[in-house]
Amino acid sequence: MERRGEPALQQSLEFTVENVEKALHQLYYDPNIENKNLAQKWLMQAQVSPQAWHFSWLLLDMDKVPEIQYFGASALHIKISRYWNDIPADQYESLKSQLFSHITRFASGSKIVLTRLCVALASLALNMMPEAWPSAVADMVRMFQAEDSNIDGRARCLALLELLTVLPEEFQTSRLPQYRKGQVRGVLAQECSSVFPLLEQLLQQQDSPSFIKQKVLKCFSSWVQLEIPLMECENLIQAAFTSLRDPELFDTAVEAIVNAISQPDAQRYVNTLLKLIPPVLGLQEQLRQTIQSRDMETSHGICRIAVALGENHSRALLDQVDHWQSFLALVNMIMFCTGIPGHYPVNETTSSLTLTFWYTLQDDILSFEPEKQAMYQQVYRPVYFQLVDVLLHKAQFPSDEEYSCWSSDEKEQFRIYRVDISDTLMYVYEMLGAELLSSLYDKLGRLLTNTEQPTSWQHTEALLYGFQSIAETIDVNYSDVVPGLIGLIPHISISNVQLADTVMFTIGALSEWLADHPVMINNVLPLVLQALGNPELSISSVSTLKKICRECKYDLPPYAANIVAVSQDVLMKQIHKTSQCMWLMQALGFLLSALQVEEILKNLHSLITPYIQQLEKLADETPNPSNKLAIIHILGLLSNLFTTLDISHHDDDHESTEVKKLPVPQGPNPVVVVLQQVFQLIQRVLSKWLNDAQVVESVCSIFEKSVKTLLDDFAPMVPQLCEMLGQMYSTIPQASAIDLTKQLVHIFAHEPVHFPPIKALFLLVTSVTLTLFQQGPRDHPDIVDSFMQLLAQALKRKPDLFLCSSLDVKAVFHCGVISLKFPEAPTVKSACGFFTELLPRCGEIPPVGQVVHENGKMLLQAVLEGVGGQASRNLMDQLAEILFALNKHCFSYLSIWIKEVMQQDGFPSARVTPEQKEIFSQQILSRERVNKRRVKDMVKEFTLLCRGLHGTEYTADY
């Protein structure tokens, strides 16, 4: 169909020069995007067609425009690199000479076409060497050094350098088989003897222009990645160091030096590495000058070189104990780079490069035998103490005035940088131990008690940040400085949001210590409660209160009334965003868990009543977007409160449903009391919002969180909740209702007293979902996913549910087979989970056994379709589990079924031969069928054959 622009290209056109030119014109100049796409598709087909051999050379005519010539050169490269086996051996030489003559012709022509032709010749050389073209590289050098009066000497030199540069690059991306790659790499590494003397000569020649030297350095950069011995690169590395003085060559020289130093094999050449330390140290004066002149690019490049040498070879250089002073000088240079003046990322971007070096150095020192380690600890402990000072200085915020001018992106980069510094400090603790905390404490103490000199808040904040970084992940319970720190915190003059945030996070990091030293809680709790009222401190104050309430809940009853009152106040004033309100409710749940039941009920009453009144009002209103948000917010608050309100005192078990808890002897659980009081109100809300998935999900979430937390204590609610869930699901089926049903089945189905309501709910949900399947389930993958999980849970916890006469096991089985064919991977995974629970029940549950024996072939067919290519490759393990279960529980049937389904033509894929299908069938039925790992391997192997991927690069990580 044509719109504006030129006539659309016919996809059936012949692949001729004229048509290729038309298509390229359409691709570049047609304003119609559909025509452009059609042209691109056609051109891609043209490039791989047999005719490409003919039209490519014609497109390289010197009279054509560069876009057309480029396409011709690209087509040649594609044919050589991807379809090498199609080229007869007797045509190699003519192809080679044609490429050489075209490269010579284009040496003074279009740069992009020259590069593409060089890449094509490089690909040819890689495929021919070593047998068909043993001296490829030497020949290239000789060809372009030969005098040719038609071509300018510099143009010839540049063409040769371009060819030599792309050769290693093409090798890195080539599709050569693994054994050939190793072979060719070895040949190329030897061929460097033809290349490096030429590069050295060009760099040392006084009359070589900068653009030639730049190309030489790029060429060297490309070759060093072939793992060439470092000692052979020595002269060129030294020449690259000399080139650093030339501003035009600086960036390329840095790249070459860093690439040469960073190759993994370089550590074997310790003497060469030692020779490289003096020239690196010799860059220090240039580094200082560039910092003074604020030349960020140059200072960055010099630091990259120092870090590359230190980070890649610290172990090898530390091993040279006689040269310890030389390496220490390099470490001090890297320290200078870490502490480079200015604020990251506005005035400098270099210091972040160095952080990994300090990890590496520490790991290497601590990996030595005790005697050597002790020697190096003596040398490097002072260095690491200095590093802590440098890092805390770099972590300091700029002045308020300066910081206000930063963009949001710069502020975010600075935040991430501080997190990296925090991680480094935490790591350094392993080297310095408790002495590090003492040092930080002494500095903070001096800072806060020094009345003569005014202290900047930035300095105080950075020291606290250092403390927080360590306390967050290291157990500081035995530290003798934490009591002093807790004593110092109230004396900090907080005049700034960033400092206040860090004070909060530091208190939060010390919450476990406070649990062991409850007498100190009163020192810091008032600060946290005061901060709750400041919206700018929302995240830090709420998360800190939550940590204190979780860790110290048994010591908080004396403060409970105050915490609840302050929290209620900030919730009513709507100071915090939704997620912080939810955290605050979780904090209150932890807090209330430690009180007496009467106290809990009293606090719950005052805390929840305003929300209940609000919800009653909202329940009577006509549904609209704003009252929907209010309803979801209130339901979320209740849900989060009930997530952590656990009076059974099984610490940290609130997230696990596996642990059964003893009923609390103090009467009904407070959460159950509240839920029973609001149950009718929730039903009223639901009646108006039943068709809104988010509101239904919020309601289900309240009960799901409560069930998970209360376990057996939830029992009084089971009958009415089952009834409400049944009404909800039969009116409008939603996945969240099935998930809650699954939770109830998991916890209560095996208890006789609860079995009747659970059974009735399970049968109702199943019946409604079966009807949904009859109407067409494709639009409801979430419901299908949850339903499969429910069935698997029922089989796991209460298989008797499948004995009910009113359960249509055959229909359920069919639904499972349909679910296996869904495009959504999570749904297929859940369906596989259902079948791996169902098949082992063939013997014990007669209805299941009968359905599997009558319909198992259909299941096998669906599984093999998935293996054949319909299902994602990531699901092969799950499909293999079904085959394993069929083998184990229905072997005699499976051996008949697999023969029958495999006889179908083109099944499970047109790519597999009858012999391959027969081998797979025999493997599946062989003695190895009892080994689940082997069955999974068989399925993975077979799916690759079915997809035409066996033996390709796509299987490397599979």
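Keep in mind that what you see is a predicted model, and the values were worked out from it rather than measured.

Quick notes on the overall build of the protein chain
Right, so step 1: Broken down by element type, the protein chain carries 44 helices and zero strands.
Right, so step 2: In terms of its C-alpha atoms, the protein chain occupies a principal-axis envelope of roughly 105 × 90 × 65 Å.
Right, so step 3: Residues counted as buried form 54% of the 958 residues belonging to the protein chain.
Right, so step 4: Sequence separation of at least 24 residues holds for 74% of the intrachain contacts in the protein chain that already meet a minimum separation of 6.
Right, so step 5: Of the roughly 42500 Å² of accessible surface on the protein chain, a fraction of 51% belongs to carbon and sulfur atoms.

Considerations on the pattern of salt bridges
Right, so step 1: Inspection of every chain in the model, using the stated rule, returns 31 salt bridges.
Right, so step 2: For Lys-602, the salt bridge is made with Glu-599, and the minimal N-O distance between the two is 3.4 Å. Note that Lys-602 and Glu-599 are positioned in helix H30 (residues 597-620) at a spacing of three residues, about one turn of the helix.
Right, so step 3: On the basis of relative accessibility, which here comes to 35%, the residue Glu-599 falls in the partly exposed class.

What about the UniProt feature "domain: Importin N-terminal" (unreviewed entry) in the protein chain?
Right, so step 1: Here the UniProt feature "domain: Importin N-terminal" (unreviewed entry) sits at residues 39-105.
Right, so step 2: Segment residues 39-105 splits into 73% helix and 0% strand. End C-alpha atoms: 29 Å apart.

Some details on the nonpolar core
Right, so step 1: Counting 332 residues, the largest nonpolar core has Trp-223, Tyr-380, Phe-703, Phe-714, Phe-802 and Leu-820 as the members making the most contacts within it.
Right, so step 2: The element best represented in this core is helix H6 (residues 111-128), accounting for twelve residues.
Right, so step 3: Apart from residues lying up to four places away in sequence, Leu-820 is in contact with Val-828, Ala-831, Cys-832, Phe-835, Leu-859, Ala-862, Val-863, Leu-879 and Ile-882.
Right, so step 4: Core analysis: the second largest hydrophobic core is formed by 14 residues, Phe-15, Val-20, Trp-42 and Ala-46 among them.

A look at the packing of aromatic side chains
Right, so step 1: Tallying each qualifying case throughout the model produces 27 aromatic pairs.
Right, so step 2: When the ring of Trp-358 is compared with that of Tyr-384, the centres are 5.7 Å apart and the planes differ by 85°; the resulting orientation is edge-to-face. Placement of Trp-358 in helix H17 (residues 355-366) and of Tyr-384 in helix H18 (residues 370-394) is noted, with a sequence separation of 26 residues between them. In this structure, Trp-358 and Tyr-384 share a single accessibility class: buried.
Right, so step 3: Ring plane angle 40° and centroid distance 5.8 Å describe the contact between Phe-397 and Trp-457, whose orientation is recorded as tilted. With a gap of 60 residues between them, Phe-397 in the loop between H18 and helix H19 (400-404) and Trp-457 in helix H22 (residues 457-471) connect regions that are remote in the sequence.
Right, so step 4: Classification of Trp-457 as buried rests on a relative accessible area of 11%.
Right, so step 5: An aromatic cluster of three or more residues is present, and its members are Tyr-344, Phe-397, Tyr-403, Trp-406, Phe-414, Tyr-417 and Trp-457.

Some details on unusual backbone geometry
Right, so step 1: Cis geometry is adopted by the peptide bond preceding Pro-345, which originates at Tyr-344 and carries an omega value of 0°.
Right, so step 2: Following the sequence through the fold, Pro-345 ends up in the loop between helix H16 (324-338) and H17.
Right, so step 3: Cis peptide bonds are those with omega within 30 degrees of zero, and the linkage from Phe-907 to Pro-908 qualifies with -5°.
Right, so step 4: With respect to the element layout, Pro-908 can be found in the loop between helix H42 (891-902) and helix H43 (914-925).
Right, so step 5: Phi angles above zero are rare outside glycine, and Glu-227 is one such case at about 60°.
Right, so step 6: Relative to the elements of secondary structure, Glu-227 occurs in the loop between helix H10 (210-224) and helix H11 (230-243).

Looking at helix H35 (residues 735-748)
Right, so step 1: An ideal rise of 1.5 Å per residue puts 20 Å on 14 residues; H35 measures up with 20 Å between its terminal C-alpha atoms.
Right, so step 2: The element H35 is largely enclosed, with a buried count of 13 among its 14 residues.

Describing the side chain of Ser-830
Right, so step 1: Along the chain, Ser-830 falls in helix H39 (residues 825-838).
Right, so step 2: With relative accessibility at 11%, the residue Ser-830 sits in the buried group.
Right, so step 3: In this view, Ser-830 contacts Asp-785, Met-788 and Gln-789; residues no more than four positions away in its chain are not counted.

Concerning H10
Right, so step 1: For H10, spanning 15 residues, the distance from its first C-alpha to its last is 21 Å, which sits close to the expected 21 Å at 1.5 Å a residue.
Right, so step 2: In terms of residue burial, H10 counts as a mostly covered element, since eleven of its 15 residues are buried.
Right, so step 3: Within H10, burial applies to Ile-212, Lys-213, Lys-215, Val-216, Leu-217, Cys-219, Phe-220, Ser-221, Ser-222, Trp-223 and Val-224.

Scoring rules and cut-offs
Residues numbered from 1 in each chain as written. Predicted model: local features only at pLDDT ≥ 70, side-chain atom pairs only at ≥ 80, totals over all residues. Heavy atoms only, no water. Helix = DSSP H or I, 4+ residues; strand = E, 2+ residues; numbered from the N terminus. Buried < 20%, exposed > 50% of the residue type's maximum accessible area, 1.4 Å probe, protein only. Contact = heavy atoms within 4.5 Å. Areas by Shrake-Rupley, 256 points an atom, 1.4 Å probe, with all protein chains shown as cover. Salt bridge = Lys/Arg side-chain N within 4 Å of Asp/Glu carboxyl O. UniProt positions renumbered as here; feature names shortened; annotations may be inferred. Core = buried A, V, L, I, M, F, W, Y, C linked by side-chain atoms within 4.5 Å. Phe/Tyr/Trp six-rings, centres within 6.5 Å; stacked < 30°, edge-to-face > 60°. Expected span 1.5 Å × (residues − 1).

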